[in-house]
Amino acid sequence: MDLLALADFNLVARHGGFGRAARATDRPKATLSRRVAELEAELGLRLFERGSRMLKLTEEGRALHERTGALLTEIDETAAAIAQGGARPRGTLRISAPLLFSQMAMGKLAASFALKYPEVRLEVTTEDRSVDMVEEGYDLVIRVNPDPDESLVGRILLRDRLVVVSSPSLVRPLDGSPVSAVVRDVGAKSATWGVRTAAGQSSIAVYPVLTLSSLIMARDAARMGVGVARLPLSLVFHDLAAGILIHWGDADLPETVLWVLYPSRRLLSARVVAFIEHLKGAFPLGMPEELAATTN
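Residue numbering note: each chain is counted from 1, following its sequence as written. Confidence filtering applies because this is a predicted model: local features only for residues at pLDDT of at least 70, side-chain atom pairs given and counted only at 80 or more, and all residues used for totals across whole chains, interfaces and linings. The side-chain numbers reported here are obtained from all heavy atoms of the structure, hydrogens and water having been left aside.

### Digging into the overall build of the chain
So, point 1. Going along the chain from the N terminus, every DSSP run of H or I of four or more residues is numbered as a helix, and every run of E of two or more is numbered as a strand. Scanning the chain from terminus to terminus reveals 10 helices and 13 strands.
So, point 2. The globule rule used for comparison is 2.2 Å times the number of residues to the exponent 0.38, while the radius of gyration itself is calculated over C-alpha atoms. A compact globule built from 296 residues would reach a C-alpha radius of gyration of about 19 Å, whereas the chain, at 25 Å, exceeds it by more than 25%.
So, point 3. Dimensions of the chain along its principal axes, counting C-alpha atoms only, are 80 × 45 × 30 Å.
So, point 4. Note on classification: 1.4 Å probe, protein chains only; a residue is buried when its accessible area is under 20% of the maximum for its type, exposed when over 50%, partly exposed between these limits. The proportion of buried residues among the 296 residues of the chain is 40%.
So, point 5. Here a residue-residue contact requires only that any non-hydrogen atoms of the pair lie within 4.5 Å. Relative to all contacts within the chain whose residues are 6 or more apart in sequence, the contacts with residues 24 or more apart total 74%.
So, point 6. Note that His is not counted, nor are the chain ends; the positive residues are Lys and Arg, and the negative ones are Asp and Glu. Think of each charge as sitting on NZ of Lys, CZ of Arg, CG of Asp or CD of Glu. Charged side chains in the chain number 35 positive and 35 negative. The centres of these two groups are separated by 4 Å.

Structure (structure tokens):
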């Protein structure tokens, strides 16, 4: 396969048209068109659907772009780094991170990374959905309890756990009657929460009085005495230490694990490696207390 033709194909795919690619790179439009046509002939595939006013990748073209675009970028960056005397982190680094982690820590993490590596342009998107790294062009994602994915590799960044907390003004009923609760599940009804303490396991009957989509909002509501809430220890660590909230016990639920993930089929760029090391330095033990410390 002609790598130059493949590079020109990815250039056109990235810019969304021959004209745009030609203007962005000061290359003749006819040359780009000819190179792509030669690649299509070599592969025996149509890579673009050519309309009178638009250019659209075919299914085969999209697959080729997804699988080769990032690799060609890595080759270019590696060659540039070697030519300049070392693999210094540079270029654009796109990251997707979950909402709560971003609200608690990502601002400081991103700022300190930017100061350390001024040649890297860091772009952080906050969202809890499971993004397609290749399709959407992310270099690295941080995810909570991700599903197994053979196309991704990574490492555990942090471990956290849910705890049941309330304002000191809210007294736990001794007769086992239901207590008001702040929940995240829309339409949640009366339920029983399992709780683990040093004395053993027990249960709490709860009835939802407030439904909030944000864990930070749920914490604020619990502070005001609206009801008990199940919240990450990292989020309420300082409140528990200050007596603003009291600990009823650990929620009888699996622990929360944050992973750093990246595509396994790519060689890791210097900027990705640098950010992973930056995260490891911020959370060397991977404990919830370390995440809580970023909010100070």
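Additional details are given in the paragraphs that follow.
### Focus: the nonpolar core
Where a protein is soluble and globular, its nonpolar side chains tend to be buried together.
So, point 1. Ranked by size, the top nonpolar core spans 45 residues in total, and within it Phe101, Leu140, Ile142, Leu157, Leu231, Phe275 and Phe283 carry the most contacts.
So, point 2. In terms of residues, this core owes the most to one element, helix 5 (residues 99-116), which gives 7 residues.
So, point 3. With sequence-adjacent residues up to four places away left out, Leu140 is seen in contact with Arg94, Ile95, Ser96, Met133, Val260, Leu261, Val272, Phe275 and Ile276. Residue types Ala, Val, Leu, Ile, Met, Phe, Trp, Tyr and Cys, when buried and joined through side-chain atoms within 4.5 Å, form a set referred to as a nonpolar core.

### A word on the layout of surface pockets
So, point 1. When its volume is computed, the largest pocket comes out at roughly 760 Å³.
So, point 2. Whether a set of points on the 1 Å grid over the protein atoms alone is a cavity depends on a 1.4 Å probe fitting there but being unable to get out, while an open set qualifies as a pocket with protein on both sides within 12 Å along at least five of seven lines; lining residues are those with an atom within 4 Å of a point. Along the walls of the largest pocket sit 37 residues, with Leu162, Arg184, Leu215, Arg230 and Pro232 positioned nearest its centre.
So, point 3. The element that contributes the greatest number of residues to the lining of the largest pocket is helix 5, accounting for 5 residues.
So, point 4. Of the residues in the lining of the largest pocket, the class split is 24 nonpolar, 6 polar and 7 charged. Grid points are joined across faces, edges and corners, and a volume is the space filled by probe spheres set on the points. Polar here means any residue outside two lists: the nonpolar Ala, Val, Leu, Ile, Met, Phe, Trp, Tyr, Cys and Pro, and the charged Asp, Glu, Lys and Arg; Gly therefore counts as polar.

### Considering the side chain of Ser102
So, point 1. Along the polypeptide, Ser102 turns up in helix 5.
So, point 2. Under the relative-accessibility criterion, Ser102 is labelled buried at 11%.
So, point 3. Engagement of the side chain of Ser102 in a polar contact is seen with the side chain of Thr126, the distance being 3.3 Å.
So, point 4. In this structure Ser102 touches Ala97, Gly107 and Thr126, once residues within four positions along its chain are discounted. Contacts described as polar in this section are N or O atom pairs within 3.5 Å, which, within protein, must combine one atom able to donate a hydrogen with one able to accept it, while residues neighboring in sequence count only if both atoms come from side chains.

### Examining the side chain of Thr256
So, point 1. As for its placement among the helices and strands, Thr256 is situated in strand 13 (residues 256-263).
So, point 2. Those residues in contact with Thr256 that lie beyond four places of it in its chain are Val144, Asn145, Leu158, Arg159 and Asp160.

### Examining the packing of helix 5 against helix 9 (residues 270-282)
So, point 1. Contact pair helix 5 / helix 9: the axes reach a minimum separation of 11 Å and the direction vectors enclose 125 degrees. Taken together, helix 5 and helix 9 sit at an angle that is classed as oblique. The two elements helix 5 and helix 9 meet at a crossing, and its hand is right-handed. Where helix 5 approaches helix 9, its residues Met106, Leu109, Ser112 and Phe113 are matched on the opposing element by Arg271, Ala274, Phe275, His278, Leu279 and Ala282. Structural elements are reduced to axes, namely lines fitted to C-alpha atoms, with helices fitted over the stretch in contact, and the angle between N-to-C directions of any two is expressed from 0 to 180 degrees. Angles below 35 degrees are treated as roughly parallel, those above 145 as roughly antiparallel, those between 65 and 115 as roughly perpendicular, and all remaining angles as oblique. By convention the crossing between two helices is left-handed if the near helix lies anticlockwise of the far one by an angle smaller than a right angle, and right-handed if it lies clockwise.

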